[in-house]
Amino acid sequence: MPLSRTFLADLERLVGAGGLVRSHEGRLVYESDMHTFYRGAPDVVALPIRTDQVVAIVRLCRAEHVPIVPRGSGTGLIGGAMAPHGGVMIGMNRMDQILELDLPNRCATVQSGLINLSLTRAVANRGYFFAPDPSSQMVSSIGGNVATNAGGPHCLKYGITTNHVLGLELVTGTGELVRLGGKVADRPGYDLTGVAVGSEGTFGIVTAVTVRLLHAPEAVRTILASFAAIEDASEAVSAIIAAGMIPAALEMLDEMMIRAINEGSGAGYPKDAAAVLLIELDGPVGEVMAQGQRAAQICWERGALEVRVARDDVERALLWKGRKEAAGAVGRLAPTYLLQDAVVPRSKLPAIMREMIAIGARHRVRIANVFHAGDGNLHPLILYDDRDPEELERAKAANEELLHACITMGGTVTGEHGVGLDKAKNLPLQYADADLNFMYRLRRAFDPDAMMNPGKLLPSHPACGEGFRPARPRVPEGAWI
Amino acid sequence: MSVAGRSVAEAFVAIAGRDGVRSDQGARAGAAVDGQLAGLVVRPGSLEQLSQVMALAHEAGLAVVPRGSGSALELGRPPARMDVALDLRGLDRVVEYNPADVTITVEAGITVGALAARLAPHRQFLALDPPGGATRTLGGITATNASGPLRARYGTMRDLLLGVRFVQADGVVTWGGSKVVKSVSGYDVPKLMVGALGTLGVLGELTLRLHPLPDAERSWLVPLPSAEAAQTFVERVVDSSVQPNRLEYFSDRVLDAVAAGSAAAGVAVSIGSVEEAVVEGRARLAAIARAGGADIVPVPDSFWSDTERALTPSGGEALLQIASLTSRLATTQRAIVEAVGAAASGTPVWTSACAPLGTFRVRLGAADVARTAAVTNRLRAELAEIDGSVVIARGPSALRVVIDPWGPVEAGAFALMRALKDDLDPGRVLNPGRFVGGL
């Protein structure tokens, strides 16, 4: 439904002509996030610079029943910040100020459009950092990190975004500006901050975030170990965890990925390696030295071909180089890929790696792997040629089968990317009707008209619809009423 | 809905068995909350029974008050109604434990002690040390979001609860979260259940993140001449590379009670890591203390349980939980002393704080209700400036009638909480009246 002239005029009055993107070409920039598979341009993009403008836009849209899609930097991987139903997109990139730095209390309050890395840069010289470090951190916004509850390589030790969010300022689906949580801990009442983080814009739109800052670790030790078999590397991961270490990062690359990376810039991974393990420990010097030694020892014991320890920041960067180039390197293997984000219990890593090889063979697709082994978070890249529709179908089938395998092993469909449009259909794999219905009702408390980011996160499923009643247990019959 | 008492009881018996349903005076008195007696005490033996018990209570319009060990029953307002006391200690099994995953799934009625015994052989532990010790249930700790000094490093149940199976007001069994250490699949329902006092669902099963036990762990006390000196010491530690497990402030009376000398204030620190790092950490702590003219004194592990005992109120006393800020450690301590001096002069007061968070526990000696309420009000006024809070975590019923034990909740956030409660439990079956704003 095209937006009325009056509506657009009202919107322009709120944010000014410079705060609106109305042209066809202009709107195309906003038609997808980094998951370009899903496209849908909004009818108009509003770029507010103040919180009261956000409130007014939401109220205007609500009155006219126009759907709203919040957007940060558009670097999500799930088809979240795009507009399948059109409507108004609210782009938060102009609201990017640091509102308060409070180092004595180790926290900061920022507008949601602030770029993740900008915050760390603002406090690094005082010895602090903002822990969530998604690969997109140079461009992704903190509001986007909050929406997807983003992770990153170092969340094995530090936790994902939610563990670092103390409070939110949120404009709900009804256009109310509410403050949830805050600098001071333990506010009485339900932990609405906790459920709003990761709600992917379906509760409302976050305008400001209070986050915890951490003291930068004194020492970092990075170790790269290569193995002749991925089972050996998986066992090394289990042994490191069992030895009582919580590395900051514990990343694995498989054979296909190693080859792709070596053919590129040449991180110089051993040619005959079937798996590379990247281990990073950080903390007080004594702890890092002792645990680093022990981790290297474990790798040797599990049959490592080679173990390299970075002696300084230059060497450390070199060890990470290949890992950071992984997604780009895959371009040399195939024109396109489907990226998965499922998680299995860590002890199931060897089993899922075996299963993945079988699935790839069954569907005649190649699967390259680079993943957060420490927490069992897989990132298989299922390669296909998008000029061949039949190959795409096989890739999709392999993708679905892989998800099923992860769930069967006790896992989850997404570890850090989020649900969005991409995985909404997969949630019923993991949740029963009653569970989905509970989520639907939770959303309804914040956004009763379901106008915030419609079609995302919650699946189109009877349990997520009006009037659905989950099956109730039978109670004994008798004359008790 | 008209209810014929005896036949409802029979229906509960059909679900939970003869032993699982008690209506004798002894059992009812044992499960009393704020002097109110439930008509029945029901103790389901499985999640399925729990679900049926709730479905029946819901159909019969009976108010249900869930309980674990009973150690936190003085948290919150007195119940608005109480027909059934729901004893969850029968749900005490370990559902799934694979040490290699460093997670565990347990029924909510399992005790801290039973869980620890199961984990110890694998050198793992649940990184939570709330007051009340080994007999408390994990469900109770989750519902009240209780924590102790270890919070400084590991956070609270909010950071440790990965998945939760709960029973809604109408008996529907619901699962939220996941069984793996990392998941963003759907809304983070476990967060909602932590600290909700069972008002949105009765906790049945919990999947928890565990931690490896450190190789070595040692504790020290740093006696200091004032709360201001304590704050300075804390700020230096927080800003250093020392990585403490606990960093807890204690007032003079607590130190005195555990025979730790007669300093005006003290900060106790524990470090857990590999042996080399503990030794290194000790040296750094000593240097930071020396820079402030203080010494570090080794204390045994029992120091932590001793101080906890010193902070546990006895009959007629009250426990306040104050949320302030690290930068206001000394200001808040002074405000506590002044509020007591002005409103309840002569009443003894014991204080501790999780220093890196600025969250206080305050044991207030027996005083009449009006005076304790006045102390609370004064502190709330003081804390309002920073959006802090003062919650009465324990205290006589009479106190929690004359003053809201939770304190004010911001209107916008509260409207959302009420909408949620109205939707999920419109008949107010679950723990009615006890939570914030009478939810």
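Basis of the calculations
Residues numbered from 1 in each chain as written. Chains lettered and ligands numbered in written order. Predicted model: local features only at pLDDT ≥ 70, side-chain atom pairs only at ≥ 80, totals over all residues. Helix = DSSP H or I, 4+ residues; strand = E, 2+ residues; numbered from the N terminus. Rg over C-alpha atoms; globule rule 2.2 N^0.38 Å. Buried ≥ 20, exposed ≤ 12 C-beta atoms within 10 Å, placed from the backbone. Contact = placed C-beta atoms within 7 Å. Expected span 1.5 Å × (residues − 1). Domains from an automatic or database assignment. Pairing = 2+ DSSP bridges. Axes fitted to C-alpha atoms, helices over the stretch in contact; angles between N-to-C directions. Core = buried A, V, L, I, M, F, W, Y, C linked by C-beta atoms within 7 Å. Nonpolar A, V, L, I, M, F, W, Y, C, P; charged D, E, K, R; others polar.

Draft legend 1. Structural view of the overall build of chain B. The helix and strand inventory of chain B stands at 16 helices and 19 strands. Against the globule reference of 22 Å for 439 residues, chain B gives a C-alpha radius of gyration of 22 Å, in line with a compact fold. Dimensions of chain B, computed from C-alpha atoms along their principal axes, come out at roughly 70 × 55 × 40 Å. Burial status across chain B gives 61% buried among its 439 residues. Partitioning the intrachain contacts of chain B with sequence separation of at least 6 by distance along the chain shows that 71% fall at a separation of at least 24.

Draft legend 2. Inspection of helix α13 (residues 329-343) of chain B at higher detail. Between its first and last C-alpha, α13(B) extends 21 Å over 15 residues, near the 21 Å set by a 1.5 Å rise per residue. Structurally, α13(B) contributes buried residues whose contacts are with α9 (227-238), β13 (246-251), β16 (318-323), β17 (349-354), β18 (359-364) and α14 (369-384) of chain B.

Draft legend 3. Highlighting unusual backbone geometry. We note that A:Leu457 has phi near 65 degrees; this positive angle belongs to a residue other than glycine. In this structure, A:Leu457 sits in the segment after α16 (433-446). We classify A:Leu457 as buried; it has 30 C-beta atoms within 10 Å. A positive phi angle, near 50 degrees, is found at B:Asp34, a position not held by glycine. Relative to the elements of secondary structure, B:Asp34 occurs in the loop between α2 (25-30) and β2 (40-42). Looking at B:Asp34, the number of C-beta atoms within 10 Å reads 18, which means it is partly exposed.

Draft legend 4. Local environment of the domain arrangement of chain B. One can read the domain layout of chain B as domain 1 (5-87), domain 2 (94-212), domain 3 (216-308) and domain 4 (311-402). Of note, the centres of domain 1 of chain B and domain 3 of chain B, computed from C-alpha atoms alone, are 45 Å apart.

Draft legend 5. Fine view of the pairing of β17(B). Residues and elements named next belong to chain B. When you tally the buried positions in β17, you get six out of six residues, the bulk of the element. Burial of the side chains of β17 extends over both faces: Val-349, Thr-351 and Ala-353 are buried on one face and Trp-350, Ser-352 and Cys-354 on the other. Here three bridges tie β13 to β17, and the two strands are oriented antiparallel to one another. Directly across from Tyr-249, in β17, lies its bridge partner Ala-353. With antiparallel pairing between neighbouring strands as the criterion, β17 and β18 make up a hairpin whose turn holds four residues, including Gly-358 at a positive phi of roughly 75 degrees.

Draft legend 6. Broad picture of the environment of A:His417. For A:His417, the position within the fold is in the loop between α14 (389-408) and α15 (427-430). Discounting residues that sit within four places of it in the chain, A:His417 has contacts with A:Leu77, A:Ile78, A:Thr148 and A:Asp341.

Draft legend 7. View of the sheet that holds strand β19 (residues 389-394) of chain B. All names here are of chain B. Read from one edge to the other, the open sheet built from eight strands follows the order β15-β12-β14-β13-β17-β18-β16-β19, with strand pairing classed as antiparallel. In the strand order of this sheet, the two ends are held by β15 (297-299) and β19, each with one partner. Between one strand axis and the next, the sheet turns through 25 degrees on average, direction left out of account. Sheet topology note: the strand β12 (residues 216-224)/strand β14 (residues 265-273) ladder contains nine bridges and is antiparallel.

Draft legend 8. Spatial organisation of the nonpolar core. Grouped together as the largest cluster of nonpolar side chains are 300 residues, with contacts concentrated most on A:Leu277, B:Phe233 and B:Val267. By residue number, the principal contributor to this core is helix α3 (residues 47-60) of chain B, which donates eight residues. Residues contacting A:Leu277, with those up to four places away along its chain left out, are A:Ala225, A:Phe227, A:Ala233, A:Ala236, A:Val237, A:Met252 and A:Cys299.

Draft legend 9. Fine view of the interface of chain A and chain B. Listed per partner, the contact involves 84 residues of chain A and 84 residues of chain B. When residues of the side of chain A that touches chain B are traced back to their parent elements, those giving at least two are β9 (177-181), α7 (192-196), α8 (230-242), α10 (285-301), α15 and α16 of chain A. With nine residues, the top contributor of residues to the side of chain A that touches chain B is α16(A).

Draft legend 10. Geometry of the domain arrangement of chain A. Residue and element names in this part refer to chain A. Each assigned domain of chain A is listed here: domain 1 (5-91), domain 2 (98-215), domain 3 (217-329), domain 4 (334-418) and domain 5 (424-461). Computed from C-alpha atoms alone, the centre-to-centre distance between domain 2 and domain 3 is 30 Å. Contact residues are listed per partner, giving four residues for domain 2 and six residues for domain 3. Residues of the side of domain 2 that touches domain 3, tallied by class, amount to two nonpolar, one polar and one charged.

Draft legend 11. How the structure looks around the sheet that holds strand β5 (residues 98-102) of chain A. Residues and elements named next belong to chain A. Taken together, the five strands give an open sheet; going across it, the order is β5-β6-β10-β8-β9, and neighbouring strands pair in antiparallel fashion. Looking along the sheet, the strands with just one partner apiece sit at the ends: β5 and β9. Averaged over neighbouring strand pairs, the angle between their axes works out to 15 degrees when direction is ignored. As paired elements, strand β6 (residues 107-111) and strand β10 (residues 204-212) share five bridges and run antiparallel to each other. Bridging across to β10, Val-110 finds its partner in Val-209.

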